[in-house]
Amino acid sequence: MTMLLLATVLVGCYKDEVDVDTLRNNPFDRDYDGPAVFEAVGTYTQQVSTGQGNVLYQVIEFRVREDLFLAPATYGVLVKDLLSGVEEPATPLTPGGNIFKYQRQPVPGQQVCLELRLTNNLSTAGAETICVTL
């Protein structure tokens, strides 16, 4: 009986070695090493009334691949416009949705690249880049 109890305790305490270097499947980690989390949806122009006139913006839409998340999560997206250097949060098209938009001054015919990062609980994931041409 004592041997059985001792064997149960020892088996219950056994833990596999965790190789931290192989844990790169979480899109919220800086060292994520999996499929692209962001997909370009498209780009178009949109006129916005400022009250003193209309302003033309280039809208860049992109999708977050939530199917890659290890568990459901709330998140934001930080955008860095690599052409202008502006860095700001992206706006979801619908609250809680996975399609976001970023507005900028239009540059027809020129490729615009955005560096995108997931944000969650005051931390920022590794960057991915998408590019579009208006």
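Look up: the structure comes first, before these words.
What counts, and where the lines are drawn
Residues numbered from 1 in each chain as written. Predicted model: local features only at pLDDT ≥ 70, side-chain atom pairs only at ≥ 80, totals over all residues. Heavy atoms only, no water. Helix = DSSP H or I, 4+ residues; strand = E, 2+ residues; numbered from the N terminus. Buried < 20%, exposed > 50% of the residue type's maximum accessible area, 1.4 Å probe, protein only. Contact = heavy atoms within 4.5 Å. Areas by Shrake-Rupley, 256 points an atom, 1.4 Å probe, with all protein chains shown as cover. Polar contact = N/O pair within 3.5 Å; in protein donor to acceptor, adjacent residues only side chain to side chain. Pairing = 2+ DSSP bridges.

Caption draft 1: Representation of the overall build of the chain within the structure. Per the secondary structure count, the chain includes one helix and nine strands. Of the regular secondary structure in the chain, the N- to C-terminal order runs α-β-β-β-β-β-β-β-β-β. Considering the chain as a whole, with its 134 residues, one finds that 27% of them fall into the buried category. Within the chain, contacts between residues at least 6 apart in sequence are counted, and of these 56% link residues at least 24 apart. For the chain, the accessible surface area stands at approximately 8900 Å², while carbon and sulfur atoms represent 53% of it.

Caption draft 2: Just the side chain of R104, in detail. Tracing the chain through its elements places R104 in strand 6 (residues 99-104). The exposure class of R104 is buried, given its relative accessible area of 9%. Engagement of the side chain of R104 in a polar contact is seen with the side chain of D81, the distance being 2.6 Å. Residues in contact with R104, not counting those within four places in the same chain, are Y57, Q58, I60, D81, L83, S84 and V112.

Caption draft 3: Focus on the sheet that holds strand 2 (residues 54-64). Taking strand neighbours across the sheet as the criterion, the four strands line up as 1-2-6-5 in an open arrangement whose pairing is antiparallel. Looking at the sheet topology across the chains shown, the edges are occupied by strand 1 (38-49) and strand 5 (91-92). Taken together, the six bridges between strand 2 and strand 6 define a ladder with antiparallel strand orientation. What sits directly across from I60, in strand 6, is Y102.

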